Amino acid sequence: MDVVEIKNLSIRSAEGQLLVHDSSFSLESGKTHCLLGESGSGKTLTSKAILGMLPADLHMSGDILFRGQNLNLLSKKSWRQIRGKHIGTIFQHPEQALHPSIPIGRQFSDLMCSHLPISRYEAEKQAEKMLSRVLLKDTAQVMKSYSHELSGGMNQRVMIAMALLPKPEVVIADEPTSALDVTTQAEIISLLRHLIWDLKMSMLFITHDLLLSSYLADTIGVMRSGEIIEQGSTERILGRPEHEYTKQLCRYRSQRILSKGGNSPNAPSSTAL
Ligand SMILES: Nc1ncnc2c1ncn2[C@@H]1O[C@H](COP(=O)(O)OP(=O)(O)OP(=O)(O)O)[C@@H](O)[C@H]1O
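Being a predicted model, the structure only gives us computed values, none of them experimental. (Residues numbered from 1 in each chain as written. Predicted model: local features only at pLDDT ≥ 70, side-chain atom pairs only at ≥ 80, totals over all residues. Heavy atoms only, no water.)

Student: Can you help me understand the sheet that holds strand E6 (residues 87-90) in this one?
Tutor: Two strands in a sheet stick together by hydrogen bonds in their backbones, pointing the same way (parallel) or opposite ways (antiparallel). Spatial ordering of the open sheet is given by E6-E7-E8-E3-E9-E10, a layout of 6 strands whose pairing is mixed. Each having just a single partner strand, E6 and strand E10 (227-233) make up the two edges of the open sheet. Within this sheet the neighbouring strands show an average axis-to-axis angle of 15°, counted without direction. As defined by bridge partners, E6 adjoins strand E7 (residues 170-174) across 4 bridges and the pair is classed as parallel. The residue bridging Ile90 from the neighbouring strand is Ala173, located in E7. Running over the sheet, helix H6 (residues 152-164) touches E6 and E7 and is turned about 175° from E6. (Pairing = 2+ DSSP bridges. Helix = DSSP H or I, 4+ residues; strand = E, 2+ residues; numbered from the N terminus. Axes fitted to C-alpha atoms, helices over the stretch in contact; angles between N-to-C directions. Contact = heavy atoms within 4.5 Å.)

Student: Before we go on, may I ask you to explain the state of the cysteines in this structure?
Tutor: Here a disulfide denotes one covalent bond, and it connects the sulfur atoms of two cysteines. Under the counting rule described, the total for this entry stands at 0 disulfides. The structure places no disulfide on Cys34, whose sulfur is separated from the nearest cysteine sulfur, that of Cys250, by 13 Å. Of the residues examined, Cys34 reaches a relative accessible area of 0% and is grouped as buried. (Disulfide = S-S within 2.5 Å. Buried < 20%, exposed > 50% of the residue type's maximum accessible area, 1.4 Å probe, protein only.)

Student: Looking at this model, I keep getting lost on the UniProt feature "domain: ABC transporter" (unreviewed entry) in the chain. Mind explaining?
Tutor: UniProt records the feature "domain: ABC transporter" (unreviewed entry) for residues 4-250 in the present numbering. What you have in residues 4-250 is 41% helix and 26% strand, and the ends, taken at the C-alpha atoms, are 28 Å apart. (UniProt positions renumbered as here; feature names shortened; annotations may be inferred.)

Student: Would you mind showing me how to read the environment of Leu191 here?
Tutor: For Leu191, the position within the fold is in helix H7 (residues 182-198). Sequence separation between Leu191 and Val134 is 57 residues; the distance between their C-alpha atoms is 7.0 Å. Leaving out residues up to four positions away in the same chain, Leu191 has contacts with Arg133, Val134, Leu135 and Arg157.

Student: I would appreciate a short explanation of the site of the ligand in the present structure.
Tutor: Taken together, 14 residues lie around the ligand, and Ser39, Gly40, Lys43, Thr44 and Leu45 are the ones closest in. Between Ser41 and the ligand, the recorded distance is 3.0 Å, taken from a backbone N or O atom to an oxygen atom. Between the ligand and the protein, one listed contact pairs an oxygen atom with a side-chain N or O atom of Thr44 at 2.7 Å. For the shell around the ligand, the element with the most residues is helix H1 (residues 43-51), which contributes 3 residues. Looking at side-chain class alone, the shell around the ligand contains 4 nonpolar, 6 polar and 4 charged residues. (Near = heavy atom within 4 Å. Polar contact = N/O pair within 3.5 Å; in protein donor to acceptor, adjacent residues only side chain to side chain. Nonpolar A, V, L, I, M, F, W, Y, C, P; charged D, E, K, R; others polar.)

Student: I keep staring at the layout of surface pockets and nothing clicks. Help me out?
Tutor: One simple way to see leftover space: roll a probe sized like a water molecule over the atoms. Of the volumes computed, that of the largest pocket is approximately 610 Å³. Around the largest pocket sit 23 residues that line it, and Gly84, Ala97, Leu111, His115 and Met162 are the ones nearest its centre. Contributing elements (two or more residues each) for the lining of the largest pocket: helix H2 (76-85), E6, helix H3 (104-115) and H6. Of the residues belonging to the lining of the largest pocket, the class tally is 10 nonpolar, 9 polar and 4 charged. (1 Å grid on protein atoms, 1.4 Å probe; cavity = no way out; pocket = protein on both sides within 12 Å on 5 of 7 lines; lining within 4 Å. Points joined across faces, edges and corners; volume = space filled by probe spheres on them.)

Student: How should the pattern of salt bridges be read in this particular structure?
Tutor: Side-chain pairing between opposite charges can occur once the charged atoms of the two side chains come close. Within this structure, the stated rule accounts for 9 salt bridges. Here Arg251 ties to Glu244 by a salt bridge, and the two come within 3.2 Å at their closest N and O atoms. When its relative accessible area of 46% is taken as the criterion, Arg251 is described as partly exposed. On the basis of relative accessibility, which here comes to 42%, the residue Glu244 falls in the partly exposed class. (Salt bridge = Lys/Arg side-chain N within 4 Å of Asp/Glu carboxyl O.)

Student: Even after reading the chapter, I still don't get the sheet that holds strand E2 (residues 18-28), so can you show me in this structure?
Tutor: Taking strand neighbours across the sheet as the criterion, the 4 strands line up as E2-E1-E4-E5 in an open arrangement whose pairing is antiparallel. Only two strands of the sheet have a single neighbouring strand rather than two, namely E2 and strand E5 (69-70). Bridging between strand E1 (residues 2-12) and strand E4 (residues 59-66) involves 7 bridges; their strand directions are antiparallel. Note that in E4 the partner of Ser10 across the bridge is Ser61. Set on the sheet, H1 makes contact with E1, E2 and E4; between it and E1 the angle comes to about 120°.

Student: Explanation requested: the packing of H3 against H6 in the structure shown.
Tutor: For any two helices packed against each other, one specifies the inter-axial angle together with the distance between the axes. Their axes nearest at 10 Å, the elements H3 and H6 cross at an angle of 20°. As judged from the angle between their axes, H3 and H6 are roughly parallel. Crossing geometry of H3 relative to H6 is assigned as right-handed. Across the interface between the two elements, Ile104, Gln107, Phe108 and Leu111 of H3 pack against Val158, Ala161 and Met162 of H6. The residue inventory of the contact of H3 with H6, partitioned by class, reads 6 nonpolar, 1 polar and no charged. (Parallel < 35°, antiparallel > 145°, perpendicular 65-115°, else oblique. Left-handed = near helix turned anticlockwise from the far one by under 90°.)

Student: Can you walk me through the packing of aromatic side chains in this structure?
Tutor: For any pair of aromatic rings, geometry is given as the distance between the ring centres together with the angle between the planes. Scanning the model with the defined rule gives 0 aromatic pairs in all. Over the aromatic face of Trp79 sits the side chain of Lys76, whose NZ or CZ is 5.7 Å from the ring centroid. One residue, Arg193, lies across the ring of Tyr215, its end atom 4.2 Å from the ring centre. (Phe/Tyr/Trp six-rings, centres within 6.5 Å; stacked < 30°, edge-to-face > 60°. Lys NZ or Arg CZ within 6 Å of the ring centre and 35° of its normal.)

Have a look at this one:
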């Protein structure tokens with residue numbers, strides 16, 4: 001069953017330039033869909049459109065359905081409520097989500113209390129449990145810390161915990177590990193994959209990394225110059241690509257794997273487009 005359906009999404013700049021062109025795809029319950037594309041291909045704008053967070057100067061057309069409800073027809077306030085509770089977001093940089101001068105624990109309880117009828121004490125207890133699930137140690141200390149006191153990898157784990165804690169049905173992750181070193185990246189991606197599977201969530205994962213999408217995705221949409229040029233199951237897209245551009249990407253991936261001495265295609269790596 002589809003949780004989110006994007007129908008004929010187009011986004012234009014104030015000058016009328018078409019930045020995303022007639023995109024349609026869906027997020028199936030419990031599955032991960034990757035939007036894979038080079039820089040500037042329109043991936044982030046697509047995710048911002050789903051979140052109702054497009055810059056005001058851009059014009060959007062098309063439909064964004066969440067469980068059949070057209071989000072375009074909602075007020076900004078109602079869209080924001082769906083975003084916080086039903087659609088979680090993991091950004092590339094923790095500073096996009098974490099407040100620099102509010103302790104982590106307080107940010108968790110603010111978030112939870114704004115969506116659920118629970119006390120701060122209960123919210124903090126649940127937050128600490130979730131921090132253990134993202135494999136952070138000394139969670140009581142993390143709750144008291146400010147984001148600048150934590151490492152990049154720790155902040156990314158905190159952000160994942162914050163996105164998953166309200167148990168959203170959908171998580172949108174936009175290049176969530178591209179600012180991290182390769183080892184931390186691999187740890188966080190495998191943790192994210194496990195949690196999304198365990199909590200039975202759907203995920204839209206945005207990346208320019210072909211190997212990462214082969215590791216995470218059930219389905220892939222390949223974006224180029226604002227258009228989805230090809231989409232289908234991961235096995236089909238990477239095993240039997242039809243579009244010339246996707247074929248080139250796959251050839252490039254094979255060369256990279258060979259030149260690295262035979263990386264497993266199932267292991268996360270930083271092979272970017
Ligand atoms: N507010 C804006 N006004 C005009 N053009 C914009 C605006 N925001 C983004 N763009 C342009 O839209 C295109 C798609 O941008 P988008 O950020 O979605 O790309 P992307 O695929 O996510 O790339 P990256 O991986 O580098 O983040 C780019 O050419 C970008 O310059």
